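Next come the chains, spelled out residue by residue.
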Amino acid sequence: QVQLVESGGGLVQPGGSLRLSCAASGFTLRRYAVSWYRQAPGKERELVAVITSDGGSSTYVDSVKGRFTISRDNAENTVYLQMTSLKPEDTAVYYCNAKYYLVSKEYWGQGTQVTVSS
């Protein structure tokens, strides 16, 4: 079975940290670029961060630059999103996406809830 599973979400106070994980099974992530998206209640889904298949390049939405870091461990078939200095505005369901652009293959995880509140 081919799937992506996110984990690591939860409730955290403003200024706190969380590390999200995106684990692939049934396929190898090595050839896939991986992105993290988030969707807050009543808002559109937003692209948060992207990492290339080899981990050589990453990009972030302006609102999280300097606070979030995307990384990958292809040997473990896993991508991470380290989130620090969290703000209430970061509250959302976070989704992992893996895409093999050359052959138009794409997979989505089920999402993990992140809540930032006092």
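Note: the structure precedes this text.
Residues numbered from 1 in each chain as written. Predicted model: local features only at pLDDT ≥ 70, side-chain atom pairs only at ≥ 80, totals over all residues. Heavy atoms only, no water.

A.B. asks: Please provide a residue-by-residue account of the overall build of the protein chain, values included.
C.D. replies: For the protein chain, the helix and strand inventory stands at zero helices and 11 strands. When the helices and strands of the protein chain are read in sequence order from the N terminus, they spell out β-β-β-β-β-β-β-β-β-β-β. Relative to the globule expectation of 13 Å for 118 residues, the C-alpha radius of gyration of the protein chain, 14 Å, shows essentially globular dimensions. Principal axes of the C-alpha set define a box for the protein chain whose edges measure 45 × 30 × 25 Å. Looking at the protein chain as a whole, 41% of its 118 residues are labelled buried. Pairs at least 24 residues apart make up 54% of the contacts formed inside the protein chain by residues separated by at least 6 positions. Within the structure as shown, the protein chain displays about 6,300 Å² of accessible surface, and the carbon and sulfur contribution to it stands at 45%. Mean positive and mean negative side-chain charge positions of the protein chain (12 and 10 charges, respectively) differ by 3 Å. (Helix = DSSP H or I, 4+ residues; strand = E, 2+ residues; numbered from the N terminus. Rg over C-alpha atoms; globule rule 2.2 N^0.38 Å. Buried < 20%, exposed > 50% of the residue type's maximum accessible area, 1.4 Å probe, protein only. Contact = heavy atoms within 4.5 Å. Areas by Shrake-Rupley, 256 points an atom, 1.4 Å probe, with all protein chains shown as cover. Lys, Arg positive; Asp, Glu negative; His and termini not counted. Charge placed at Lys NZ, Arg CZ, Asp CG, Glu CD.)

A.B. asks: So what's going on with the side chain of aspartate 90? Residues and values would help.
C.D. replies: Structurally, the position occupied by aspartate 90 is in the loop between strand E8 (78–83) and strand E9 (92–100). Within polar-contact distance, the side chain of aspartate 90 engages the side chain of arginine 38 at 3.0 Å. If we ignore the near neighbours within four places in the chain, the residues touching aspartate 90 are Arg38, Arg67, Phe68, Ser85, Val114 and Val116. (Polar contact = N/O pair within 3.5 Å; in protein donor to acceptor, adjacent residues only side chain to side chain.)

A.B. asks: Tell me about the side chain of glutamate 6, and please be specific about residues and values.
C.D. replies: Tracing the backbone through its elements, the reader meets glutamate 6 in strand E1 (residues 3–7). No salt bridge is formed by the buried glutamate 6. Its closest oppositely charged neighbour is arginine 45, at 9.4 Å. Here the side chain of glutamate 6 touches cysteine 96 through a polar contact of 2.6 Å, landing on its backbone nitrogen. In this structure the side chain of glutamate 6 is engaged in a polar contact, spanning 2.9 Å, whose partner is the backbone nitrogen of glutamine 110. Those residues within four positions of glutamate 6 in sequence are excluded, and the remaining contacts are Ser21, Cys22, Trp36, Tyr94, Tyr95, Cys96, Gly109, Gln110, Gly111 and Thr112. (Salt bridge = Lys/Arg side-chain N within 4 Å of Asp/Glu carboxyl O.)

A.B. asks: Let's hear about the sheet that holds strand E7 (residues 68–73): which residues, and what values?
C.D. replies: Within a sheet, each strand pairs with its neighbour through backbone hydrogen bonds, oriented either parallel or antiparallel. Strand order in the open sheet formed by four strands is E1-E3-E8-E7, and the pairing between neighbours is antiparallel. In the strand order of this sheet, the two ends are held by E1 and E7, each with one partner. Strand-to-strand twist across the sheet, computed as the mean angle between neighbouring axes with direction ignored, equals 15°. Where E1 meets strand E3 (residues 18–25), five bridges bridge the pair, whose relative direction is antiparallel. Each residue of the ladder has a partner; that of serine 7, found in E3, is serine 21. (Pairing = 2+ DSSP bridges. Axes fitted to C-alpha atoms, helices over the stretch in contact; angles between N-to-C directions.)

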